[in-house]
Amino acid sequence: MNDEELAMVCCSDLSGHVKGKAFPVADMDSRLKKGVGWVPTNAQITAFNSIADTPFGALGDLLLIPDPAAEAKVDFQDGSPLEHFFLGDIVDTDGAPWACCTRGILKHALDALRTETGLDLKSAFELEFQFTDASIDYGPGFGLSGFREKKAFGSTYLGALRAAGVEPDSFLKEWGEQQYEVTMHPQIGVIAADHAVFMRELARATAQRTGEKLTFTPIRDPDGVGNGVHIHMSFVDQDGSPATYDPGGPGGLNKHARHFVAGILHHVPALVAFTAASKVSYARLTPHRWSAAYNNLGYRDREATVRICPVADVNGLDPAKQFNFEFRAADSAASPYLQLAVLVHAGLDGIRKRLEPPEATQEDLSVLSAKELSDRGFVRLPTSLENALIELEKNDTVQSWFREPFIDVYLKHKRGELAYLENMSPQDACKAYEGVY
Ligand code: GLU
Ligand code: MG
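Residues numbered from 1 in each chain as written. Chains lettered and ligands numbered in written order. Predicted model: local features only at pLDDT ≥ 70, side-chain atom pairs only at ≥ 80, totals over all residues. Heavy atoms only, no water.

Engineer: I tried to follow the side chain of Gln178 on my own but got confused; where do I start?
Structural biologist: Along the chain, Gln178 falls in the loop between β7 (168-173) and β8 (179-184). Looking at Gln178, the relative accessible area reads 9%, which means it is buried. Within the structure, the side chain of Gln178 is placed 2.7 Å from the backbone oxygen of Phe131, a separation counted as a polar contact. (Helix = DSSP H or I, 4+ residues; strand = E, 2+ residues; numbered from the N terminus. Buried < 20%, exposed > 50% of the residue type's maximum accessible area, 1.4 Å probe, protein only. Polar contact = N/O pair within 3.5 Å; in protein donor to acceptor, adjacent residues only side chain to side chain.)

Quick look at the structure:
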């Protein structure tokens with residue numbers, strides 16, 4: 001008997017989980033055209049596989065169509081089956097983009113940015129994760145011993161990324177216990193978020209084959225270290241030239257970048273409902289964790305929502321080509337498509353309204369009084385997912401970026417997720433997320 005060769009087409013859904021249907025590779029040509037059938041209520045399957053309140057019920061039909069430009073085909077050459085999946089777009093049966101397709105939502109945001117400003121977004125994801133086997137000595141943060149301990153994993157993992165078209169940038173033992181970090185080279189447009197999905201899924205695919213266990217959960221213990229996602233952003237113009245840096249601008253930001261960052265900081269209380277989308281994300285978004293707790297712009301400050309990153313101004317390297325800023329109030333319990341989409345929309349709103357960011361901080365904002373904070377235009381980020389959802393409900397501008405019924409669906413989804421966790425202690429909620437991310 002010959003094994004049937006299978007490939008899968010997937011979406012990154014509202015929970016950030018990757019789901020879809022597999023089909024025989026023999027049918028590739030027709031599947032690339034017609035995709036697979038998909039069901040609207042699938043959007044309401046929460047991170048815990050419970051079904052949140054759904055406006056769709058048992059009704060409706062959609063198509064999930066693979067994008068040949070977003071194909072991961074990796075042969076681990078260990079006798080295990082080929083890892084083969086596509087990311088795709090969810091559309092109505094007449095081909096119109098579905099309002100709740102996270103990838104379509106990002107494409108729409110990137111199109112708006114290009115149409116209104118002539119700029120394309122170039123972005124890169126930096127992901128932290130932890131191995132869960134506590135019996136191993138991983139050594140100190142950034143240590144050679146920790147690298148050596150996981151070198152075999154890292155080599156296989158980064159090889160898998162490269163095979164899937166991701167350009168790996170670095171792999172390191174992060175500071176936290178059992179914690180590692182992986183970064184990618186930036187990509188223009190939707191591919192950056194495709195690659196963020198590949199980075200998470202191929203880490204899991206590698207671990208499954210090596211017998212290791214890891215988690216991308218935002219935080220494993222309320223008092224422990226967080227696993228962040230830092231989203232690096234810059235712009236290129238229609239010639240592909242860098243368009244973010246102005247040596248005379250504040251922190252090096254040019255006019256567009258300044259307004260874009262200001263838009264993100266202005267809307268961030270509502271944006272975190274998408275970027276830090278789990279209940280336990282808010283244990284990470286607290287001061288003194290090198291994550292983000294206020295709506296501040298940091299000049300090389302690792303406790304800022306947006307940080308202006310350093311450039312290597314050495315050996316004749318061009319600062320303009322490297323210059324970027326990173327959004328730090330994100331984690332892996334969310335879809336990278338939604339994360340990037342809300343950042344682009346918020347930034348574009350900042351450009352439209354010519355918003356100005358506050359002066360970049362290089363200080364501990366948690367020691368300031370409430371009055372000092374408000375005098376300088378700083379707000380504490382929401383301290384719970386429920387509060388972030390309330391900020392989203394209050395923010396008509398953010399809601400206007402989406403087509404109906406997305407906001408209603410998303411709010412119901414997240415409230416369904418919270419209902420599942422209702423009677424759990426913070427520790428048990430952390431355990432629940434660790435099991436599913
Ligand atoms: N682990 C920190 C976080 O939760 C980030 C540490 C760093 O890379 O600066 O975001
Ligand atoms: Mg890190």
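Engineer: Looking at this model, I keep getting lost on the coordination of the magnesium ion (ligand 2). Mind explaining?
Structural biologist: Reference values for angles at a metal are 109.5 degrees in the four-donor tetrahedral case and 90 or 180 degrees in the six-donor octahedral case. Here the magnesium ion (ligand 2) is held by Glu128 (OE), Glu174 (OE) and Glu181 (OE), and the distances to it run 1.9 to 2.1 Å. Positions of the donor residues of the magnesium ion (ligand 2) along the chain correspond to the pattern E-x45-E-x6-E. A residue pair is termed long-range when its members are at least 10 positions apart, and Glu128 in strand β6 (residues 120-131) and Glu174 in the loop between β7 and β8 qualify at 46 residues. A relative accessible area of 9% means that Glu128 is categorised as buried. Owing to a relative accessible area of 12%, Glu174 belongs among the buried residues under this scheme. (Donors = N, O, S within 2.8 Å, 3.2 Å for Na, K, Ca; no water.)

Engineer: Explain the packing of aromatic side chains to me, please; I cannot follow it from the model alone.
Structural biologist: Aromatic ring pairs: the centre-centre distance and the angle between the two ring planes describe each pair. Scanning all chains against the criterion turns up 25 aromatic pairs. Seen in terms of ring centroids, Phe406 and Tyr410 are 5.7 Å apart; in terms of plane orientation they differ by 25°. Their pairing is stacked. With Phe406 and Tyr410 both in helix α13 (residues 406-420) and four residues apart, the pair spans about one turn of that helix. The exposure classification of Phe406 matches that of Tyr410, with both residues buried. Linked through ring pairs, Phe129, Phe131, Tyr138, Phe153, Tyr157, Phe171, Tyr180 and Phe216 together constitute an aromatic cluster. Looking at Lys150, its charged tip hangs above the ring of Phe131, at a distance of 4.3 Å from the centre. (Phe/Tyr/Trp six-rings, centres within 6.5 Å; stacked < 30°, edge-to-face > 60°. Lys NZ or Arg CZ within 6 Å of the ring centre and 35° of its normal.)

Engineer: What should I look at first to understand the packing of helix α5 (residues 191-210) against helix α9 (residues 336-352) in this one?
Structural biologist: The description of two helices packed together rests on the angle between their axes and the distance between the axes. Orientation of α5 relative to α9, taken along the N-to-C sense of each, is 145°, at an axis distance of 8 Å. Every pair of crossing elements has a handedness; the one defined by α5 and α9 is right-handed. When α5 is examined against α9, the residues Ala193, Asp194, Ala196, Val197 and Arg200 are found in contact with a partner set consisting of Pro336, Tyr337 and Leu340. Along the lines of polarity and charge, the residues of the contact of α5 with α9 split into six nonpolar, no polar and two charged. (Axes fitted to C-alpha atoms, helices over the stretch in contact; angles between N-to-C directions. Left-handed = near helix turned anticlockwise from the far one by under 90°. Contact = heavy atoms within 4.5 Å. Nonpolar A, V, L, I, M, F, W, Y, C, P; charged D, E, K, R; others polar.)

Engineer: Could you clarify how one ought to interpret α9 in this entry?
Structural biologist: Think of an α-helix as 3.6 residues a turn; residues three or four steps apart then line up on the same face. Helix length check: α9, at 17 residues, gives a terminal C-alpha distance of 24 Å against a target of 24 Å (1.5 Å per residue), a fit within 8%. Among the 17 residues in α9, 16 count as buried, and that is most of the element. The first or second residue beyond α9 is Arg354, which carries a positive phi of 50°. (Expected span 1.5 Å × (residues − 1).)

Engineer: Would you mind going over the sheet that holds strand β2 (residues 18-24) with me for this structure?
Structural biologist: Hydrogen bonds along the backbone pair up the strands of a sheet, which may run parallel or antiparallel. The strand order across the open sheet formed by five strands is β2-β1-β5-β4-β3, and the pairing between neighbours is mixed. Looking at the sheet topology across the chains shown, the edges are occupied by β2 and β3 (36-38). Taken pair by pair, the neighbouring strands of this sheet meet at an average axis angle of 40°, ignoring direction. With three bridges connecting them, strand β1 (residues 6-12) and strand β5 (residues 83-92) associate as parallel partners. In the sheet register, Val9 faces β5, and the bridge partner there is Phe86. Relative to the sheet, helix α2 (residues 102-117) contacts β1, β4 (62-74) and β5, its axis offset from that of β5 by approximately 70°. (Pairing = 2+ DSSP bridges.)

Engineer: Explanation requested: the state of the cysteines in the structure shown.
Structural biologist: Here a disulfide denotes one covalent bond, and it connects the sulfur atoms of two cysteines. This structure, assessed with the given rule, holds zero disulfides. Between Cys101, a free cysteine, and Cys11, which holds the nearest cysteine sulfur, the sulfur-to-sulfur gap is 7.3 Å. By relative accessible area, which is 2% here, Cys101 ends up buried. (Disulfide = S-S within 2.5 Å.)

Engineer: Quick question: what am I supposed to make of empty space enclosed by the protein here?
Structural biologist: In this approach a probe as big as a water molecule rolls over the atoms, and the regions it shows empty are the leftover space. For the coordinates displayed, the defined rule picks out one cavity of 30 Å³ or more. For the largest cavity, the calculated volume is near 80 Å³. The wall of the largest cavity is formed by Cys11, Ser12, Asp13, Leu14, Trp38, Asn42, Ala43, Ile90, Trp98, Cys100, Cys101 and Thr102. (1 Å grid on protein atoms, 1.4 Å probe; cavity = no way out; pocket = protein on both sides within 12 Å on 5 of 7 lines; lining within 4 Å. Points joined across faces, edges and corners; volume = space filled by probe spheres on them.)

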